[in-house]
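Geometric and topological summary
Single-letter residue listing:
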Amino acid sequence: MKFARIAVAGLLAFGGCVTPRTSIGPAVQNAKIERGVTTQSDLVAQLGPPQGRGLDSKGRVLLTWNRIDAAGTGKNWIPVAGPFLPGSTKVHKRQLAVSMDAEGRVADYKLSDEEHGANILGTTD
């Protein structure tokens, strides 16, 4: 009986949930980013504060915005084994990385999208 409660709690915790973790999504599609013109203030006004801040390979300030969505597939509902099966969760990650020049304007930017399957133990494909 105790095992059954643990198994149900695990399924409820990891199965079939959608978890948006950050703010970028459709806003990126509509963002107006222009090299040498757009400022950090412009980016924050369009996308909200960045989730990450660091330096790029050229020593410029690097700002990042991220979004990760996870949705369970039908495999999640297979008793006990479901969350451990490859592809039991579909994960979509989007990241916008923006390098700023010395004047505080966009020097370069890159938008990346990736989608893969995962299970309770990590990436599976």
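Description of the structure in this document. (Residues numbered from 1 in each chain as written. Predicted model: local features only at pLDDT ≥ 70, side-chain atom pairs only at ≥ 80, totals over all residues. Heavy atoms only, no water.)

1. As for the overall build of the protein chain
What the protein chain contains, in helices and strands, is three helices and five strands. Moving toward the C terminus, one meets the helices and strands of the protein chain in the order α-α-α-β-β-β-β-β. For the protein chain, with 125 residues in total, the buried portion stands at 30%. Considering only intrachain contacts with a sequence separation of at least 6, the fraction spanning at least 24 residues in the protein chain is 55%. Surface summary for the protein chain: the accessible area is close to 7800 Å², and the carbon and sulfur share equals 59%. (Helix = DSSP H or I, 4+ residues; strand = E, 2+ residues; numbered from the N terminus. Buried < 20%, exposed > 50% of the residue type's maximum accessible area, 1.4 Å probe, protein only. Contact = heavy atoms within 4.5 Å. Areas by Shrake-Rupley, 256 points an atom, 1.4 Å probe, with all protein chains shown as cover.)

2. Examining the pairing of strand β2 (residues 61-72)
Two strands pair when backbone bridges link them, and strand β1 (residues 52-55) and β2 are joined in this way by four bridges, in the antiparallel orientation. Its bridge partner lying in β2, Arg53 is registered against Leu63. In sequence, β1 turns back onto β2 through a hairpin of five residues, with Gly59 there showing a positive phi of about 80 degrees. Bridging between β2 and strand β3 (residues 89-100) involves twelve bridges; their strand directions are antiparallel. By the bridge assignment for β3, Val61 is matched with Met100. (Pairing = 2+ DSSP bridges.)

3. A closer look at the side chain of Thr64
As for its position among the elements, Thr64 is in strand β2. Residue Thr64 is classed as buried on the basis of its relative accessible area of 12%. Leave out the neighbours within four places in its chain, and Thr64 touches Pro50, Gln51, Gly52, Gln95, Leu96 and Ala97.

4. Description of the pattern of salt bridges
Overall, the coordinates contain three salt bridges when judged by the stated rule. Two residues, Arg60 and Asp56, come together in a salt bridge whose shortest N-O distance is 2.8 Å. Exposure remark for Arg60: the relative accessible area of 23% places this residue in the partly exposed category. Note that Asp113 is salt-bridged to Arg94, the shortest N-O span being 3.0 Å. One end of the pair, Asp113, is in strand β4 (residues 106-119); the other, Arg94, is in strand β3, and 19 residues separate them in sequence. (Salt bridge = Lys/Arg side-chain N within 4 Å of Asp/Glu carboxyl O.)

5. Regarding the side chain of Arg94
Taking the relative accessible area as the measure of exposure, Arg94 reaches 13% and is therefore buried. Polar contacts involving the side chain of Arg94 include one to the side chain of Asp113, which spans 3.0 Å. (Polar contact = N/O pair within 3.5 Å; in protein donor to acceptor, adjacent residues only side chain to side chain.)

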